[in-house]
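Breakdown of the fold
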Amino acid sequence: NNPLISVDNIYGGNNKGGSTNDSTVDVRGGTIGNIYGGGNEAVVDMPNVQVQNATVNNIYGGGNMAGINGDTKVTIKNSNINTNIYGGGNYGTVAGNTKVVITSSTILGSAYGGGNGSSAIVDRNTEITVEGNTVIGSTTSKAPHQGCLFGGGNAAATGCDKEFTSSLELVSCDNVNQAYSYVNVAGASILGNVYGGANTSVVYGETFVNIGIDTLD
């Protein structure tokens, strides 16, 4: 960890305008406030977040109040997360899938395969894997508020239950009741609970919780 590097927030995309095709956020140390694979109120197609040997408050695979047109990917190794990890966005949708892999890292809050907030819907599937010597929570954690692993989001749905109307227009959803949420625990000390689904929300489909090193095969 490089203590000389300190950044408030990192975004893979733009600030309040325009769009980005692909974004890669590659952090190899330092102390960071929040990391977003997407933009700040600006759309990104395919964000990829990689964090190693860093200390971060929150990590989001998606954007801040901004949509993602495709998939998100978050890879975290040997890092300390002071609060939470999300595969999706912060009050921003993901039109595709989310994938989170956490290796030998410490998360003081919780880890979510989906997004944060009621508007942070992941349209398709979520997957989160923890391995190595990962620790989620602390001795003072109180589930389900801290110390937990969720396949879905925090107050954020995965998939949809029907086509719906918004501003009198029909919005198409091609994943009606067919979403999948995967949780793979290959190595970790989780001081709270493991949930295949979401926290105070729903997965419109099926959830799978796989425990053991063989889940990586």
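None of these values were measured; they are calculated from a predicted model.

**Focus on the confidence of the model for the chain**
Predicted confidence across the chain gives a mean pLDDT of 92, with 91% of residues reaching 70 or more. The low-confidence segment residues 165–170 (pLDDT under 50) makes 5 contacts with residues lying over four places distant or belonging to another chain.

**Here's the deal with the nonpolar core**
Grouped together as the largest cluster of nonpolar side chains are 25 residues, with contacts concentrated most on Ile35, Val51, Ile59, Ile102 and Leu149. Of all the secondary structure elements, the ones that give two or more residues to this core are β2 (19–27), β3 (31–36), β4 (43–52), β5 (55–60), β6 (72–77), β9 (98–103), β12 (126–131) and β17 (179–185). Membership of the second largest hydrophobic core comes to 6 residues, among which are Tyr60, Tyr112, Cys148 and Phe150.

**Structural notes on the packing of aromatic side chains**
In total, this model carries 9 aromatic pairs according to the counting rule given. Relative to Tyr60, the ring of Tyr36 has its centre 4.8 Å away and its plane inclined at 5 degrees; by these criteria the two rings are stacked. Of this pair, Tyr36 sits in strand β3 while Tyr60 sits in strand β5, and the two are 24 residues apart along the sequence. Like Tyr60, Tyr36 is buried.

**Here we look at the sheet that holds β6**
If you trace the 7 strands from one edge of the open sheet to the other, you get β2-β4-β6-β9-β12-β17-β20, paired in parallel fashion. The open sheet has two edge strands, β2 and β20 (205–211), and neither has a second partner. Strand-to-strand twist of the sheet, defined as the mean angle between neighbouring strand axes without regard to direction, takes the value 5 degrees.

About the criteria used
- Note on numbering: residues in each chain are counted from 1, in written sequence order.
- Thresholds applied to this predicted model are a pLDDT of at least 70 for local features of residues and 80 or more for the giving and counting of side-chain atom pairs; totals over whole chains, interfaces and linings are not thresholded and use all residues.
- Each side-chain value is worked out from all heavy atoms of the structure, with water and hydrogens disregarded.
- Known as pLDDT, the predictor's confidence for each residue is given on a scale from 0 to 100.
- By the convention used here, residues are in contact when the closest approach between their heavy atoms is within 4.5 Å.
- To qualify as a nonpolar core, a set must consist of buried Ala, Val, Leu, Ile, Met, Phe, Trp, Tyr and Cys residues joined through side-chain atoms within 4.5 Å.
- Working definition: with a 1.4 Å probe on protein chains only, accessible area under 20% of the residue-type maximum means buried, over 50% means exposed, and in between means partly exposed.
- In DSSP terms, a helix is any run of H or I states spanning at least four residues, a strand is any run of E spanning at least two, and both are numbered starting from the N terminus.
- Aromatic contacts are taken between Phe, Tyr and Trp rings whose centres are within 6.5 Å, Trp giving its six-membered ring; a plane angle under 30 degrees counts as stacked, one over 60 as edge-to-face, and the others as tilted.
- Between any two strands, at least two bridges found by DSSP are needed for them to pair.
- A fitted line through C-alpha atoms serves as each axis, taken over the contacting stretch for helices, and the angle formed by two N-to-C directions is quoted from 0 to 180°.

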